[in-house]
Amino acid sequence: VQLQASGGGSVQVGDSLRLTCAASGRTFTGYTVGWFRQSPGQGREFVAGIRLRDGIIQYADSVKGRFSISRDTSRNTVYLTMNSLKPEDTAVYYCAAGQRLIVSSISSSRAYNYWGQGTLVTVSS
């Protein structure tokens, strides 16, 4: 499966953005899709994930209540809606997909086999 992440940009504190992860080559249905981010000098950090076969969703504590992950199975697409953005949300955001993930592995980047290119989100104060 090939993944295409898009929707990043430069925004102000408190603004919103919606990132899109579009899959091609295979239907998403049996996969878990995760969003991760990486800021300069930092490791890759889990943001949110959704297991598509049963809709189980997880969020990192740092984004709970502000970010929302959703899917459009008809378009083979997963979205990350980011509200109330903060400067610390600045990062390159990546979407990833993996098969047969157990719940405890949704937040682990090592569980994902397929990665899209990143999309940069910059939040300025």
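Relevant structure appears above.
From a predicted model like this one, the values you see are computed outputs, not experimental measurements.

Of note, N76 is a non-glycine position whose phi angle comes to about 55°, a positive value. Relative accessible area serves as the criterion here: at 14%, N76 is assigned to the buried category. In the Ramachandran plot, R100 falls in the positive-phi region, its phi being about 55° despite a non-glycine side chain.

If you look at the biggest cluster of nonpolar residues, it comprises 37 residues, and the most contacted ones within it are F28, W35, L80, M82 and Y93. Taken together, the elements giving at least two residues each to this core come down to β1 (2–6), β3 (17–24), β4 (31–38), β5 (45–51), β7 (67–72), β8 (77–82), β9 (91–99) and β11 (119–124). For this core, the element with the highest residue contribution is β9, accounting for 5 residues. Apart from the residues within four sequence positions on either side, L80 is in contact with L17, R18, L19, W35, V47, A48, F67, S68, I69 and Y93.

A few words now on the sheet that holds β8. Two strands in a sheet stick together by hydrogen bonds in their backbones, pointing the same way (parallel) or opposite ways (antiparallel). Strand order in the open sheet made by the 4 strands is β1-β3-β8-β7, with antiparallel pairing throughout. Unpaired on one side and paired on the other, β1 and β7 mark the two borders of the sheet. On average, each strand axis in the sheet is tilted by 15° relative to the strand beside it, whichever way the strands run. As paired strands, β7 and β8 are joined by 6 bridges and run antiparallel to one another. In the strand pairing of β8, I69 is matched with L80.

Quick notes on the rules
Residues numbered from 1 in each chain as written. Predicted model: local features only at pLDDT ≥ 70, side-chain atom pairs only at ≥ 80, totals over all residues. Heavy atoms only, no water. Buried < 20%, exposed > 50% of the residue type's maximum accessible area, 1.4 Å probe, protein only. Core = buried A, V, L, I, M, F, W, Y, C linked by side-chain atoms within 4.5 Å. Helix = DSSP H or I, 4+ residues; strand = E, 2+ residues; numbered from the N terminus. Contact = heavy atoms within 4.5 Å. Pairing = 2+ DSSP bridges. Axes fitted to C-alpha atoms, helices over the stretch in contact; angles between N-to-C directions.

Treat this as a map of the structure, not an account of what it does.
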